[in-house]
Amino acid sequence: MKGVVFNAAQEAVIELFDEDTWDDLLDAADVDGVYSSVGSYPDEELVAIVVAASEATGLSVEDVLVAVGRKALQHLASRVPTLIGGCTNAFEMLGMIHDVIHVEVLKLYPDSRPPEFTYEDLPDGGLRMGYRSPRCLDALAEGLILGVGDRFDTELRVERHPISGSGEVYLDVWEVAAEQTQAA
Ligand code: HEM
C-alpha cells in the first residue's frame, strides 16, 4: 500500500486522538512508522496498526477502518484538489473515484493498485458501488464514502453487502435527508 494512505491514516488518528496515540499504535504494531507518500509498504503494516487501534479502543477492526477512512478522505482529497474542485455534491464525487480520481492516483503513483469500482443507480435513488480488491478493505471504503459526504455536509448511509463467491462487495449509498423526505 502506498505511503500516502499510511500518512492519511496517521493524520486521521491524530485528529481522532493525538500524536502520542499514533506513536503508541506504532509500538504496539511493532513497525517503525516512517512512511514517505510515494513509497510502498506492506499491507500487513496497515493491518497491524489497525488491529492495535482496535485493541487500544475496544472498537472492532471494521469500525476502526470506517472511522479512519472517514477522516483520511479529507487528507487524500487534499492531494488532488484540482480534480475534485469542480464537484458540487457527494454523489458526483463518488462517481469520479474510479474513472478520474484513482486514474490520476495511478499516474502519480504508477506502482499503486487502487481497487475496482462499478456503479449502478438503485431504483430508490441510492447508488450501488461494486467494490473489488484483493485487499478486502470494504470497511475502509465505507469510511471514505462517509468522508466524501462530510466534505459536502451531506449525511450518507452506507450498507455493505458481500456477494458470496464473487469477491465483490456492494456498497449501497443513500443520502439520509432524501430518504427522510421520501418516507414523509
Ligand atoms: C479523493 C481522493 C482520493 C485519493 C487521492 C485516493 C488515493 C488512493 C491511493 C493512493 C490508494 C492506495 C493504492 C495503493 O497503495 O496501491 C487508494 C486506495 C484505496 N482507495 Fe482511494 N483515493 C481517494 C478517494 C477514495 C474514495 C472516496 C474511496 C471510496 C470508496 C476510495 C477507496 C479506496 C480504497 C478502499 C482503497 C484501498 C485499497 C484497496 O481496497 O485495494 N478512495 N486510494
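As the structure is a computational prediction, the values presented were derived from the model and not from experiment.

Colleague: Tell me about the packing of helix H4 (residues 61-77) against helix H7 (residues 138-151), and name the residues and values.
Modeller: Interaxial distance between H4 and H7 falls to 6 Å at its minimum, and their mutual angle equals 45°. The pairing of H4 with H7 is recorded here as oblique in orientation. Viewed along their axes, H4 and H7 form a crossing whose handedness is right-handed. Contacts between H4 and H7 involve Glu-62, Leu-65, Val-66, Ala-67, Val-68, Gly-69, Arg-70, Lys-71, Ala-72, Leu-73, Gln-74 and Ala-77 from the first element and Ala-139, Leu-140, Ala-141, Glu-142, Gly-143, Leu-144, Leu-146, Gly-147, Val-148, Asp-150 and Arg-151 from the second.

Colleague: So what about helix H1 (residues 3-16)? Which residues, and what values?
Modeller: With 14 residues, H1 extends 20 Å from end C-alpha to end C-alpha; this agrees with the ideal 20 Å at 1.5 Å per step. Of all the positions in H1, only Val-4, Val-5, Phe-6, Ala-8, Ala-9, Gln-10, Ala-12 and Val-13 are classed as buried. Each element contacted by the buried residues of H1 is listed here: helix H2 (19-29), helix H3 (43-57) and H4.

Colleague: Give a description of the site of the ligand that names residues and reports values.
Modeller: The environment of the ligand is formed by 26 residues, the closest being Lys-2, Ser-112, Pro-115, Ser-133 and Leu-144. A total of five residues in the shell around the ligand trace back to one element, the largest contributor, which is H7. Lining the shell around the ligand are residues from two domains, each supplying at least three of them: domain 1 (3-75) and domain 2 (89-183).

Colleague: Hey, could you go over the environment of His-102 for me, with residue numbers and the actual values?
Modeller: Tracing the sequence through the fold places His-102 in helix H6 (residues 90-108). The spatial distance from the C-alpha of His-102 to the C-alpha of Gly-86 is 17 Å, given a sequence separation of 16 residues. The contact partners of His-102, leaving out residues within four places of it in the chain, are Ile-97 and Pro-114.

Rules of the game
- Residues numbered from 1 in each chain as written.
- Predicted model: local features only at pLDDT ≥ 70, side-chain atom pairs only at ≥ 80, totals over all residues.
- Axes fitted to C-alpha atoms, helices over the stretch in contact; angles between N-to-C directions.
- Helix = DSSP H or I, 4+ residues; strand = E, 2+ residues; numbered from the N terminus.
- Parallel < 35°, antiparallel > 145°, perpendicular 65-115°, else oblique.
- Left-handed = near helix turned anticlockwise from the far one by under 90°.
- Contact = placed C-beta atoms within 7 Å.
- Expected span 1.5 Å × (residues − 1).
- Buried ≥ 20, exposed ≤ 12 C-beta atoms within 10 Å, placed from the backbone.
- Near = placed C-beta within 6 Å.
- Domains from an automatic or database assignment.

From the geometry alone we can't say anything about function, so treat these as descriptive.
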